[in-house]
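# A closer look at the structure
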Amino acid sequence: MGMPKAPESFEEFNIDDVKIYVERSILSKYVIDNEILMVIEGYGRFKLENIYDSLAR
């Protein structure tokens, strides 16, 4: 699949050997307590923390 067409609109997260791109507007709307829970089938559950630090860039 590769990188998004507009990478500046996305935040990249690395979970083990998987890269996940989440649109910044989704993060700013749905992040609670500066963290978000990601569940990836076959990999497990991952808590992504310090989201606001990433959005400040």
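Residues numbered from 1 in each chain as written. Predicted model: local features only at pLDDT ≥ 70, side-chain atom pairs only at ≥ 80, totals over all residues. Heavy atoms only, no water.

What follows deals with the environment of Glu35. Along the chain, Glu35 falls in strand S3 (residues 35-40). Judged by its relative accessible area of 28%, Glu35 falls in the partly exposed class. (Helix = DSSP H or I, 4+ residues; strand = E, 2+ residues; numbered from the N terminus. Buried < 20%, exposed > 50% of the residue type's maximum accessible area, 1.4 Å probe, protein only.)

Let us look at the side chain of Glu11. With respect to the element layout, Glu11 can be found in strand S1 (residues 10-15). Looking at Glu11, the relative accessible area reads 3%, which means it is buried. A polar side-chain atom of Glu11 sits 2.9 Å from a polar atom in the side chain of Arg24. (Polar contact = N/O pair within 3.5 Å; in protein donor to acceptor, adjacent residues only side chain to side chain.)

Glancing now at the pairing of strand S2 (residues 18-23). One face of the sheet, then the other: side chains in a regular strand alternate in exactly this way. Bridge count between S1 and S2: six bridges; the pairing is antiparallel. If you follow Ile15 over to S2, its bridge partner there is Val18. Counting the residues in the hairpin turn of S1 and S2 gives two residues, including Asp16, whose phi is positive at 50°. (Pairing = 2+ DSSP bridges.)

A few words on the nonpolar core. Phe13, Ile15, Ile20, Val22, Leu27, Val31, Ile36, Met38, Ile40, Phe46 and Leu48 together form the largest nonpolar core, which totals eleven residues. If you list the elements that add at least two residues to this core, you get S1, S2, S3 and strand S4 (44-49). It is S3 that contributes the most residues to this core, three residues altogether. (Core = buried A, V, L, I, M, F, W, Y, C linked by side-chain atoms within 4.5 Å.)

This part covers the pattern of salt bridges. Considering all chains together, one arrives at three salt bridges under this definition. Between Glu11 and Arg24 there is a salt bridge, with its nearest N and O atoms 2.9 Å apart. You can see Glu11 sitting in strand S1 and its partner Arg24 sitting in helix H1 (residues 24-30), a full 13 residues away along the chain. Two residues, Glu12 and Lys19, come together in a salt bridge whose shortest N-O distance is 3.9 Å. A relative accessible area of 32% places Glu12 in the partly exposed class. (Salt bridge = Lys/Arg side-chain N within 4 Å of Asp/Glu carboxyl O.)

Residues Ile36, Met38 and Ile40 line the buried face of S3, whereas the alternating positions Glu35, Leu37 and Val39 sit on a face that is not buried. Relative to S4, S3 is paired through six bridges, and the arrangement is antiparallel. When the sheet's bridge partners are listed, Met38 is paired in S4 with Phe46. In this antiparallel pair of consecutive strands, S3 and S4, the connection spans three residues, and Gly42 shows a positive phi of 85°.

Note that every value here comes from positions in space, so none of it alone points to a role or purpose.
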